[in-house]
Amino acid sequence: MVATDLLKETVLSLSSNKVRSSLTVLGIVIGIASVITMVAIGQGAQSSISARIRSIGSNLIIITPGAQRTGGISAGQGSSQSLKLDDATAIGGEVQGISGVAPEDTHRYQVTAKGNNTNTQVIGTVPTYTDIRNVNIDTGTFITEYQQQTSAKVAVLGSAARDDLFGAGADAVGQMIRIKNIDFQVIGVTLSKGGTGFNNADDAIYVPITTEQHYLSGDTYVTTISASAQSADIIPAVQQDISTLLLRRHGISDPTEADFSLVNQADIIATASSVTGTFTILLASIAGISLLVGGIGIMNMMLTTVTERTREIGLRKAVGIRKLHINMQFLMEAVVLTFLGGALGIVLGWVASLLVSHFASLTTQVSMSSILLAFGVSAGVGILFGFYPARRAANLSPMEALRYE
Amino acid sequence: MIECKNIRKTYVNGDVETNALSDVSFRIDKGEFVAIIGPSGSGKSTLMHILGALDTPTSGTYVLDGQEVSKLDDDELSDLRRKKIGFVFQAFNLLPRTTVLRNVMLPLLYSDTAEKDREERARECLRYAGMEEGKFMNLSNQLSGGQMQRVAIARALINDPSIILADEPTGNLDTKTSKIVMETFRELNRRGHTIVLITHEPEVALYADRVITVRDGVIEKDVKNVR
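Everything numeric here is computed off the predicted structure, so don't read it as measured data. (Residues numbered from 1 in each chain as written. Chains lettered and ligands numbered in written order. Predicted model: local features only at pLDDT ≥ 70, side-chain atom pairs only at ≥ 80, totals over all residues.)

1. Things to note about the overall build of chain B
Point 1. What chain B contains, in helices and strands, is 7 helices and 10 strands.
Point 2. What you see for chain B is a C-alpha radius of gyration of 17 Å, in line with the 17 Å of a compact globule of 227 residues.
Point 3. Along the first, second and third principal axes, the C-alpha set of chain B runs to 50 × 40 × 35 Å.
Point 4. Out of the 227 residues belonging to chain B, those deemed buried represent 47%.
Point 5. For chain B, the share of sequence-separated contacts (at least 6 apart) that also reach a separation of at least 24 residues comes to 68%. (Helix = DSSP H or I, 4+ residues; strand = E, 2+ residues; numbered from the N terminus. Rg over C-alpha atoms; globule rule 2.2 N^0.38 Å. Buried ≥ 20, exposed ≤ 12 C-beta atoms within 10 Å, placed from the backbone. Contact = placed C-beta atoms within 7 Å.)

2. With respect to the overall build of chain A
Point 1. Secondary structure summary: chain A contains 13 helices and 12 strands in total.
Point 2. Relative to the 2.2 N^0.38 estimate, which gives 22 Å for 405 residues, the radius of gyration of chain A is 33 Å and therefore markedly larger than a compact globule would have.
Point 3. C-alpha atoms of chain A, sized along the principal axes, occupy 100 × 50 × 40 Å.
Point 4. Residues classed as buried in chain A amount to 39% of the 405 residues present.
Point 5. Excluding contacts between residues fewer than 6 apart, the proportion of contacts in chain A whose partners are at least 24 apart in sequence is 80%.

3. Observations regarding unusual backbone geometry
Point 1. With phi around 50°, K114(A) is a residue other than glycine that occupies positive phi space.
Point 2. Locating K114(A) in the fold gives a position in the loop between β4 (98-113) and β5 (116-125).

4. Regarding the pairing of strand β1 (residues 2-13) of chain B
All names here are of chain B.
Point 1. Direction of pairing for β1 relative to strand β4 (residues 59-64): antiparallel, over a ladder of 5 bridges. Along β4, the bridge assignment pairs K5 with T61.
Point 2. Bridge count for β1 against strand β2 (residues 16-28) is 9 bridges, and the pairing is antiparallel. Note that in β2 the partner of I7 across the bridge is V24.
Point 3. Linking two consecutive strands that pair antiparallel, namely β1 and β2, is a turn of 2 residues; a positive phi of about 70° is found at G14 within it. (Pairing = 2+ DSSP bridges.)

5. Some words on the sheet that holds β4(B)
Hydrogen bonds between backbone groups are what pair the strands of a sheet, and the pairing can be parallel or antiparallel.
Point 1. Spatially, β2-β1-β4-β5 (chain B) is the arrangement adopted by the 4 strands of the open sheet, whose pairing is antiparallel. Lying at the two open borders of the sheet, with one neighbouring strand each, are β2 and β5 (67-68) of chain B.

6. Brief notes about the interface of chain A and chain B
Point 1. Counting from both sides, the interface comprises 21 residues of chain A and, opposite them, 20 residues of chain B.
Point 2. Of all elements in the fold, only α1 (2-15), α10 (310-318), α11 (323-359) and α13 (398-403) of chain A reach the threshold of two or more residues within the side of chain A that touches chain B.
Point 3. Classifying every residue of the side of chain A that touches chain B gives 10 nonpolar, 5 polar and 6 charged. (Nonpolar A, V, L, I, M, F, W, Y, C, P; charged D, E, K, R; others polar.)

7. Overview of the environment of S140(B)
Point 1. Here S140(B) shows up in the loop between α4 (115-128) and α5 (145-157).
Point 2. With sequence-adjacent residues up to four places away left out, S140(B) is seen in contact with L94(B), L95(B), P96(B), T98(B), V100(B), N103(B), M148(B) and V151(B).

8. Side note on the nonpolar core
Point 1. Counting 109 residues, the largest nonpolar core has I36(B) and A154(B) as the members making the most contacts within it.
Point 2. Looking at this core element by element, the count peaks at 12 residues for helix α2 (residues 18-54) of chain A.
Point 3. Not counting the four nearest positions on each side in its chain, A154(B) is found in contact with V104(B), C125(B), L126(B), Y128(B), A129(B) and M131(B).
Point 4. If you look at the next biggest cluster of nonpolar residues, it comprises 25 residues, including I123(A), L157(A), V186(A) and I205(A). (Core = buried A, V, L, I, M, F, W, Y, C linked by C-beta atoms within 7 Å.)

9. Focus: the confidence of the model for chain A
Detailed reading of the predicted model is not advised wherever pLDDT is low.
Point 1. Confidence in the prediction for chain A averages 86 pLDDT; 95% of positions are at 70 or higher.
Point 2. Strand β7 (residues 154-157) of chain A holds the highest mean pLDDT among the elements of chain A, 94, whereas strand β2 (residues 69-70) of chain A holds the lowest, 56. (pLDDT = per-residue confidence, 0-100.)

10. Section: the environment of R309(A)
Point 1. Its location among the elements puts R309(A) in the loop between α9 (265-308) and α10.
Point 2. Sequence separation between R309(A) and L402(A) is 93 residues; the distance between their C-alpha atoms is 9.7 Å.

11. Points about helix α6 (residues 159-166) of chain A
Point 1. What α6(A) keeps buried is the set S159(A), A160(A), A161(A), R162(A) and L165(A).
Point 2. Phi turns positive one or two residues past the end of α6(A), at G167(A), with a value near 100°.

12. Observations regarding the domain arrangement of chain A
Point 1. For chain A, the assigned domains are domain 1 (2-52 + 271-403) and domain 2 (83-258).
Point 2. Measuring from the centre of the C-alpha atoms in domain 1 of chain A to the corresponding centre in domain 2 of chain A gives 55 Å. (Domains from an automatic or database assignment.)

13. Thoughts on the pairing of strand β8 (residues 194-199) of chain B
Residues and elements named next belong to chain B.
Point 1. Within β8, 6 of the 6 residues are buried, which leaves the element mostly enclosed by the surrounding structure.
Point 2. Pairing geometry for strand β3 (residues 33-37) and β8, over 5 bridges, is parallel. The residue bridging F33 from the neighbouring strand is I195, located in β8.
Point 3. Strand direction decides the pairing type here: strand β7 (residues 163-167) and β8, joined by 5 bridges, are parallel. In the sheet register, D167 faces β8, and the bridge partner there is I198.
Point 4. For the segment spanning β7, helix α6 (residues 175-190) and β8, crossover handedness is right-handed. (Right-handed = clockwise from strand over helix to strand, strands pointing away.)

14. Some words on the sheet that holds strand β9 (residues 210-215) of chain B
All names here are of chain B.
Point 1. Taking strand neighbours across the sheet as the criterion, the 6 strands line up as β6-β7-β8-β3-β9-β10 in an open arrangement whose pairing is mixed. On the outer flanks of this sheet lie β6 (85-88) and β10 (218-224), each paired with one strand and no other. Strand-to-strand twist in this sheet, taken as the mean axis angle between neighbours without regard to direction, amounts to 20°.
Point 2. Of the pairings in the sheet, the one linking β6 to β7 comprises 4 bridges and is parallel in character. Looking at β7, one finds that F87 is bridged to L165.
Point 3. Packing against the sheet, helix α1 (residues 44-51) makes contact with β3, β7, β8 and β9, and its axis sits at approximately 150° to β8. (Axes fitted to C-alpha atoms, helices over the stretch in contact; angles between N-to-C directions.)

15. A word on the packing of α2(A) against α11(A)
All names here are of chain A.
Point 1. Running from N to C, α2 and α11 point in directions that differ by 40°, and their axes come no closer than 7 Å. In terms of their interaxial angle, α2 and α11 are classed as oblique. Where α2 crosses over α11, the two elements pack in a sense that is right-handed. (Parallel < 35°, antiparallel > 145°, perpendicular 65-115°, else oblique. Left-handed = near helix turned anticlockwise from the far one by under 90°.)

16. Section: the packing of α10(A) against helix α12 (residues 368-395) of chain A
Residues and elements named next belong to chain A.
Point 1. Orientation of α10 relative to α12, taken along the N-to-C sense of each, is 45°, at an axis distance of 9 Å. Considered as vectors, α10 and α12 are oriented oblique to each other. Every pair of crossing elements has a handedness; the one defined by α10 and α12 is right-handed. Residue-level inspection shows T310, I313 and K317 of α10 in contact with α12, the latter providing A390, A393 and A394.
Point 2. For the contact of α10 with α12, the per-class residue count stands at 4 nonpolar, 1 polar and 1 charged.

Quick look at the structure:
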């Protein structure tokens with residue numbers, strides 16, 4: 001009897017004051033939805049940045065030439081020509097725990113095709129590059145071992161380079177392009193990785209490294225060697241072995257004098273994470289402030305409505321309803337309002353996150369912890385400030401409550 | 001059946017002690033229609049709160065139907081009010097935006113009575129209090145003052161109480177409606193209900209059979225109305 005009466009009385013009481021109930025629910029909805037959306041944007045940014053870094057390969061170690069020094073003046077990292085194709089072959093052959101090595105020799109050239117032209121990076125590389133650097137082919141094929149050995153004049157276009165030279169989405173396979181006045185036949189187009197700005201992985205043209213060295217750069221040096229370790233935990237050991245091998249090959253005894261540098265993907269991710277971490281803290285503080293403001297809103301709403309109902313509480317007591325039942329009813333009303341608001345807020349926050357990622361092309365990621373936090377705080381505040389003043393009113397003597405203005 | 005002996009009620013406000021009631025004793029038997037009359041500040045409201053078990057006296061004893069009320073705790077007082085006392089207030093005190101029927105059923109909330117029986121009983125009481133059948137499902141705020149007081153009377157009757165306590169029931173009504181409401185109380189009394197009426201208007205007190213006059217916290221007069 002008590003349970004059904006309680007439920008019926010709660011529903012009746014809330015529905016007979018639709019405006020008041022819906023305003024309270026609205027306050028909770030907005031508080032929760034804004035926190036969920038904001039945290040979703042922050043976490044989405046963080047995960048999309050790490051995903052992009054991971055997309056350049058897995059367990060990657062990148063070897064670049066060191067600084068060129070002339071009489072104590074450094075021209076900066078990567079400026080010297082100290083790495084050769086043989087170094088890459090040696091790393092692949094002698095270092096334990098390596099699953100693949102891909103040397104590349106990258107330079108920027110003016111490229112033309114059918115009257116269109118663009119300035120892009122031409123990457124001379126080997127067939128294993130696709131596995132090590134996570135490059136996927138959209139149409140056609142990548143460079144083959146045979147083309148590599150015979151210095152074939154073939155090219156694989158990045159999707160952005162294809163768009164620039166032949167128009168967006170055009171079928172470029174079989175067409176000819178000119179790099180430094182030498183004709184190359186297009187044999188494939190890569191799948192877009194979705195980068196933008198500088199260093200756009202899609203704005204590139206891949207040619208066999210032998211062809212690149214022979215016809216384009218005219219030397220035997222490489223600009224980068226990418227090696228991938230078999231697993232993440234052996235990266236430091238592999239990195240050490242590569243370093244030792246290259247020092248020996250280059251005849252350098254003091255490691256601080258090395259003419260090359262090594263960086264691994266974990267380091268890059270760590271650096272990027274510290275940047276996005278700051279970003280997430282910023283968004284979380286904004287979310288925290290909105291939670292606080294939302295909480296105060298809910299508190300106000302609850303305090304006012306319950307105080308307004310002091311006379312009603314007095315009447316209930318006067319006609320003989322027990323304190324416990326009055327407390328239970330107000331607790332129930334607060335629970336129903338906060339849970340209703342909470343559920344709607346979660347749905348709205350989720351939908352808002354989806355809309356943000358759809359229309360603002362930002363990756364968003366709704367996290368369970370933000371839902372729990374936002375819901376927990378709002379529900380806690382709502383229930384506390386819905387129940388506490390009601391309890392206080394139920395403790396008054398009935399005639400005091402009835403006289404309350 | 002109501003027996004008050006040496007009732008004393010003192011309010012303490014800071015250092016100032018106010019004697020609202022000092023040494024009040026009287027007895028009301030079953031079936032009586034008593035008016036308690038007095039000017040404001042006379043202590044009649046305090047007396048009504050004690051009689052209605054809304055408050056307990058500082059000293060003295062109040063026995064209702066053989067039960068000592070002054071020693072009961074909050075929950076026991078609630079139970080007593082629900083079972084034995086029907087209230088009719090000056091301000092009607094109905095639940096706003098709630099149907100007439102639900103307002104009348106309010107004291108039966110959380111009781112063992114089945115929903116169907118509660119509704120049956122509420123309809124009975126509403127008819128008894130002279131409420132039109134067509135208005136049972138109206139919201140309380142759509143009623144006139146006289147209709148609201150009828151609903152309040154029906155609510156007071158729902159538990160078949162030992163006494164009906166009416167606190168200035170005509171205070172918010174015009175003369176014509178007041179007359180109808182007072183006739184309703186007389187009718188209830190004729191059917192055997194004990195009624196205690198608190199008022200400051202002598203002409204309202206004329207409807208009662210006995211008038212107790214309170215002044216400065218003591219009973220000044222206790223007379224029977226001659227009919």
